[in-house]
Amino acid sequence: MRLEALNPGVSTLDEALWERLAKDHGLGTRKELYTAVGLGNKLPLVLAHQLLHLQGEQTGEPAHPHAISIKGSEGIAVELAQCCHPIPGDPILGFIHKDRGLIIHTHDCPAIRTFRTDPDKWLDVEWEAEPGRMFDVSIKVVVGNQRGVLAKVAAAIAEHGSNIGNVAMEDEDGSPYTILFFTLQVENRMHLAHVMRALRQLPEVVRIFRIKGRKDGRAALSQ
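Attention in this report is confined to the structure presented alongside it. (Residues numbered from 1 in each chain as written. Predicted model: local features only at pLDDT ≥ 70, side-chain atom pairs only at ≥ 80, totals over all residues. Heavy atoms only, no water.)

1. Here we look at the nonpolar core
Right, so step 1: Membership of the largest hydrophobic core comes to 30 residues, with the highest contact counts inside it found for Ile139, Val141, Val153, Phe182, Leu184 and Leu199.
Right, so step 2: When residues in this core are grouped by element, the largest group, five residues, is from strand β6 (residues 135–144).
Right, so step 3: If near-sequence neighbours (up to four positions away) are discounted, valine 153 is found in contact with Val143, Leu180, Phe182, Leu199, Leu202 and Val205. (Core = buried A, V, L, I, M, F, W, Y, C linked by side-chain atoms within 4.5 Å. Buried < 20%, exposed > 50% of the residue type's maximum accessible area, 1.4 Å probe, protein only. Helix = DSSP H or I, 4+ residues; strand = E, 2+ residues; numbered from the N terminus. Contact = heavy atoms within 4.5 Å.)

Here it is as structure tokens:
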């Protein structure tokens with residue numbers, strides 16, 4: 001773990017800092033931290049950032065580490081939050097959970113308001129490009145009640161390089177509209193915008209939203 005890469009002024013650290021960090025993560029020793037890293041349960045850069053922060057508290061000189069780059073495919077050490085379903089291109093923050101690793105939230109996720117009271121648990125994170133990696137995202141599409149409209153919307157999604165993981169319909173009696181819920185696979189926010197723009201061009205589509213949160217549509221929506 002090269003701390004010097006994050007802060008050139010760091011060469012050695014007090015063993016007490018390692019013990020404090022291990023305790024924060026529910027572990028007993030520095031060796032157990034190394035084991036957790038080796039097993040992929042902890043991200044080395046996350047631990048390094050935390051060590052620099054602890055050292056800053058000790059010396060009175062705050063650390064200024066760089067943002068951590070993540071791909072979203074680091075395994076159990078990184079979790080994409082289910083409350084906001086971040087995808088590459090979304091501005092994000094990382095929340096350090098001692099048992100679950102680094103949890104990635106969007107900047108506008110309502111859940112982070114609660115956690116912001118503990119700023120030491122947050123890290124600046126940014127997306128690292130990983131071509132071919134697909135991310136789940138949910139959208140809500142309001143369409144006119146017309147024969148074959150579901151097939152037409154699904155075809156437009158497929159034509160623009162997105163796979164459909166799940167689809168559900170909500171049809172109110174007597175309403176001229178049907179609500180379609182899709183779980184799509186996209187590469188990033190730009191890809192999602194491309195798909196949504198194509199759907200808006202369909203005459204049957206009245207409105208379209210990205211769903212952030214629960215996939216049944218009862219969550220914060222953003223156009």
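2. Describing the pairing of strand β8 (residues 177–186)
Right, so step 1: Counting buried positions along β8 yields eight of ten residues, so the element is predominantly enclosed.
Right, so step 2: Looking at chain direction, β6 and β8 are connected through ten bridges and run antiparallel. Along β8, the bridge assignment pairs valine 141 with leucine 180.
Right, so step 3: For strand β7 (residues 163–171) and β8, the ladder comprises eight bridges, and the chain directions are antiparallel. If you follow isoleucine 164 over to β8, its bridge partner there is leucine 184. (Pairing = 2+ DSSP bridges.)

3. A short note on helix α5 (residues 149–159)
Right, so step 1: Residues of α5 that are buried include every one of Val149, Val153, Ala156 and Ile157, and no others. For α5, the buried positions fall inside an angular range of 100 degrees around the axis, keeping them on one side. Relative to its buried face, α5 has exposed residues pointing more than 90 degrees away, namely Ala151 and Glu159.
Right, so step 2: Buried residues along α5 sit against β6, β7, β8, α6 (189–200) and β9 (205–212).
Right, so step 3: Where α5 ends, the next residue or the one after it, glycine 161, has phi of about 80 degrees, a positive value. (Arc of directions from axis to C-beta.)

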